[in-house]
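# Examination of the molecular architecture
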Amino acid sequence: MSAEFGPYVQMCTLAQQMAVQYQKDTNLALAPFLKHFMDEVEVNVAADSFNHLGFMQKIREPVELGAEKASDARRKEFLQALADALHERIQRH
């Protein structure tokens, strides 16, 4: 799969969609919502033999940039927590 259409692209899209949901629904708790995304990351890591470290890094970079640019506090909170969780997972790899 090319770098333009790798599996991380769909994960970045999912991260942004989840950030919008978290932003709009103040009843969503951060920890379980974040865990849901990280579970998806683990499914991808377990299911394929590609460069797992690169996969996670290619998700983390745009998510972190999105957090920096986010004007809504909840959206920023979700994206930053997601970038931090990906960083932690990368460090364990």
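Everything discussed here concerns the structure shown above.
Here's what I pulled together on the structure shown here. (Residues numbered from 1 in each chain as written. Predicted model: local features only at pLDDT ≥ 70, side-chain atom pairs only at ≥ 80, totals over all residues. Heavy atoms only, no water.)

## Examining the nonpolar core
Among the nonpolar cores identified, the biggest contains 26 residues, and Phe37, Val41, Phe55, Ile59, Phe78 and Leu82 are the most heavily contacted of them. For this core, the element with the highest residue contribution is helix H4 (residues 73-92), accounting for 8 residues. When neighbours within four sequence positions are excluded, Phe37 is seen to be in contact with Met11, Leu14, Ala15, Met18, Ile59 and Leu82. (Core = buried A, V, L, I, M, F, W, Y, C linked by side-chain atoms within 4.5 Å. Buried < 20%, exposed > 50% of the residue type's maximum accessible area, 1.4 Å probe, protein only. Helix = DSSP H or I, 4+ residues; strand = E, 2+ residues; numbered from the N terminus. Contact = heavy atoms within 4.5 Å.)

## Side note on the side chain of His52
Its place among the elements puts His52 in helix H3 (residues 52-69). Residue His52 is classed as buried on the basis of its relative accessible area of 17%. Discounting chain neighbours no more than four positions away, the residues touching His52 are Val45 and His93.

## Description of H3
In a regular helix each residue adds 1.5 Å, so 18 residues correspond to 26 Å; H3 covers 26 Å between its end C-alpha atoms and thus fits that length. Looking at H3, one finds that the buried residues are His52, Gly54, Phe55, Met56, Ile59, Arg60, Val63, Gly66 and Ala67. Packing partners of the buried residues in H3 comprise helix H1 (7-24), helix H2 (30-47) and H4. (Expected span 1.5 Å × (residues − 1).)

## Quick word on the packing of aromatic side chains
Remark: the centre distance and the inter-plane angle together describe each pair of aromatic rings, the angle taken between the planes. Scanning the model with the defined rule gives 3 aromatic pairs in all. With a centroid separation of 5.8 Å and 35 degrees between ring planes, the pair formed by Tyr22 and Phe78 is classed as tilted. With a gap of 56 residues between them, Tyr22 in helix H1 and Phe78 in helix H4 connect regions that are remote in the sequence. Ring centres of Phe33 and Phe78 lie 5.4 Å apart, and the angle between their planes is 50 degrees; on these two criteria the pair is classed as tilted. With Phe33 in helix H2 and Phe78 in helix H4, this residue pair connects regions lying 45 residues apart in the sequence. A network of ring pairs unites the aromatic residues Tyr22, Phe33 and Phe78 as a single cluster. Over the aromatic face of Tyr22 sits the side chain of Arg74, whose NZ or CZ is 3.8 Å from the ring centroid. (Phe/Tyr/Trp six-rings, centres within 6.5 Å; stacked < 30°, edge-to-face > 60°. Lys NZ or Arg CZ within 6 Å of the ring centre and 35° of its normal.)

## Regarding H4
Its 20 residues place the ends of H4 29 Å apart at the C-alpha level, agreeing with the 28 Å of an ideal helix rising 1.5 Å per residue. Taken together, the buried positions of H4 are occupied by Arg74, Arg75, Phe78, Leu79, Ala81, Leu82, Ala83, Ala85, Leu86, Arg89 and Ile90. In this structure, the buried residues of H4 make contact with H1, H2 and H3. Structurally, the start of H4 carries an N-cap: the backbone nitrogen of Arg74 is 3.0 Å from a side-chain oxygen of Asp72. (Polar contact = N/O pair within 3.5 Å; in protein donor to acceptor, adjacent residues only side chain to side chain.)

Everything listed here is a matter of coordinates, which is why it stays silent on function.
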